[in-house]
Amino acid sequence: SLVRRILLLCSFIVLFLQNVKSQDASVVFDGVDDYIQTNVHPISGGAARTIEAWIKTTANADPNAGGVQNVIVDMGVMATGTRFTLNVLFGNAIRLEVQGNGLSGTIPVNDGLWHHVAGVYNPLATNKVSLYVDGVLDVSGNLTVTPNTSSTGDIVIGRRVDGINRFNGNIDEVRIWNVAKTVTEINAS
């Protein structure tokens, strides 16, 4: 009957929409040769900034355990103070680096679950760098090299600007802000 066909069609549509909704729309990086090269110039100099992303990985990024740095977002050029990088490194936790030094988190993020990660640089704060995992402050502190990110080059997602240390896993919803976001603002977006 017509009613039965309509009900069957409605059931099919609901099932189809549930499958579409549950599909992962993130970018999968293989850790070998995948990355996204943008034509967007970095936030230059020592200006405030926030880098956010959703990541999911099981890769070992800890060089003390045979792993390799997994870069989430990189900007600038390869010179002391001029490269600004959010990555996964020691203890498989996030790290914010300025060529020449960095600040490492303590919460491992390579458990195969989705994690929202954020690195904030605020040149006016007492602790200029803050790292957040899933909306919670992991660590804050200072760098020994002042960021002076080069305005040349472009923002790269999934590898360093010099072409190495590619991300192995999923990255989604990368956001780069020219402000130092607060924990409240990070959680709101």
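Throughout this description, residue numbers start from 1 for each chain and increase along the sequence as written. The predicted nature of this model means local features are confined to residues of pLDDT at least 70 and side-chain atom pairs, given and counted, to a pLDDT of 80 or more, with totals for whole chains, interfaces and linings taken over all residues. With hydrogens and water set aside, each side-chain value is computed from the structure's full complement of heavy atoms.

Trainee: Can you help me understand the overall build of the protein chain in this one?
Mentor: Scanning the protein chain for helices and strands turns up two helices and 12 strands. Going from the N terminus to the C terminus, the protein chain shows its helices and strands as α-β-β-β-β-β-β-β-β-β-β-β-β-α. Relative accessibility thresholds used throughout: buried, under 20% of the residue-type maximum; exposed, over 50%; partly exposed, between the two (1.4 Å probe, protein chains only). Within the protein chain, the fraction of its 189 residues that count as buried is 44%. For the protein chain, the proportion of contacts with a sequence separation of at least 24, taken over those separated by at least 6, is 67%. All accessibility values rest on the Shrake-Rupley procedure with a 1.4 Å probe; residue burial counts only the protein chains present in the view. Approximately 9600 Å² of the protein chain is accessible, and the part contributed by carbon and sulfur atoms is 57%. Strands are runs of DSSP state E lasting at least two residues, helices are runs of H or I lasting at least four, and both sets are numbered from the N terminus onward. Any two residues whose heavy atoms approach within 4.5 Å at even a single point are treated as in contact.

Trainee: Looking at this structure, I do not really get the sheet that holds strand 10 (residues 136-141). What am I missing?
Mentor: Either a parallel or an antiparallel arrangement is found when strands of a sheet pair, and the pairing is made through backbone hydrogen bonds. The strand order across the open sheet built from six strands is 1-12-3-8-9-10, with neighbouring strands paired in antiparallel fashion. In this open sheet, the two strands that pair with only one neighbour each are strand 1 (27-30) and strand 10. Along the sheet, successive strands turn relative to each other by an average axial angle of 25°, direction set aside. Should DSSP find at least two bridges between two strands, the strands are regarded as paired. Relative to strand 8 (residues 115-121), strand 3 (residues 49-56) runs antiparallel, the two being bridged by seven bridges. Considered in strand 8, the bridge of Ile 51 is made with Gly 119. Fitted lines through C-alpha atoms give the axes, limited to the stretch in contact for helices. The angle between two N-to-C directions lies from 0 to 180 degrees.

Trainee: Please clarify how the pairing of strand 5 (residues 83-88) should be interpreted in this entry.
Mentor: Note on strand geometry: in a regular strand, side chains alternate between the two faces of the sheet. Across the six residues that make up strand 5, a large majority, six, are buried. What you see with strand 5 is no split at all: Arg 83, Thr 85 and Asn 87 on one side and Phe 84, Leu 86 and Val 88 on the other are buried throughout. Where strand 4 (residues 70-76) lies against strand 5, six bridges are found, and the strand directions are antiparallel. Bridge pairing in strand 5 links Asp 74 to Thr 85. Connecting the antiparallel pair strand 4 and strand 5 is a turn made up of six residues, with Gly 81 showing a positive phi of about 85°. In this structure, strand 5 lies alongside strand 6 (residues 94-98), joined through five bridges in antiparallel fashion.

Trainee: Looking at this model, I keep getting lost on the environment of Val 71. Mind explaining?
Mentor: Structurally, the position occupied by Val 71 is in strand 4. On the accessibility criterion, Val 71 (0% relative accessible area) is buried. Residues Val 71 and Leu 86, 15 residues apart in the sequence, show an inter-C-alpha distance of 6.4 Å. The contacts of Val 71, once residues within four sequence positions are left out, are Thr 85, Leu 86, Asn 87, Gly 158, Arg 159, Arg 160, Asn 165, Arg 166 and Phe 167.

Trainee: Would you take a moment to explain the packing of aromatic side chains for this structure?
Mentor: Describing an aromatic ring pair means giving the distance of the ring centres and the angle of the ring planes. Only Phe, Tyr and Trp rings take part, Trp by its six-membered ring, and two of them pair if their centres are within 6.5 Å. Stacked means planes under 30 degrees apart, edge-to-face means over 60, and tilted covers everything else. Under the defined criterion, the tally for this structure stands at two aromatic pairs. Taking the centre distance of 6.4 Å and the plane angle of 85° together, the rings of Phe 29 and Phe 167 count as edge-to-face. Taken together, the positions of Phe 29 in strand 1 and Phe 167 in the loop between strand 11 (156-157) and strand 12 (168-177) put the pair 138 residues apart, joining distant regions of the chain. On the numbers, 6.3 Å between centres and 70° between planes, the contact of Phe 84 with Tyr 121 is edge-to-face.

Trainee: Can you walk me through the nonpolar core in this structure?
Mentor: Side chains that are nonpolar tend, in soluble globular proteins, to be buried together. Counting residues in each nonpolar core, the largest one holds 28 residues, and the members touching the most others are Ile 55, Ile 72, Val 88, Val 117 and Ile 171. Where this core is concerned, the elements lending two or more residues are strand 3, strand 4, strand 5, strand 6, strand 8 and strand 9 (129-133). If we skip the residues at most four places from it in the chain, Val 117 touches Ile 51, Glu 52, Ala 53, Ile 55, Ile 72, Leu 86, Ile 94, Val 109 and Tyr 132. For this analysis, a nonpolar core means a set of buried residues of the types Ala, Val, Leu, Ile, Met, Phe, Trp, Tyr and Cys, connected via side-chain atoms within 4.5 Å.

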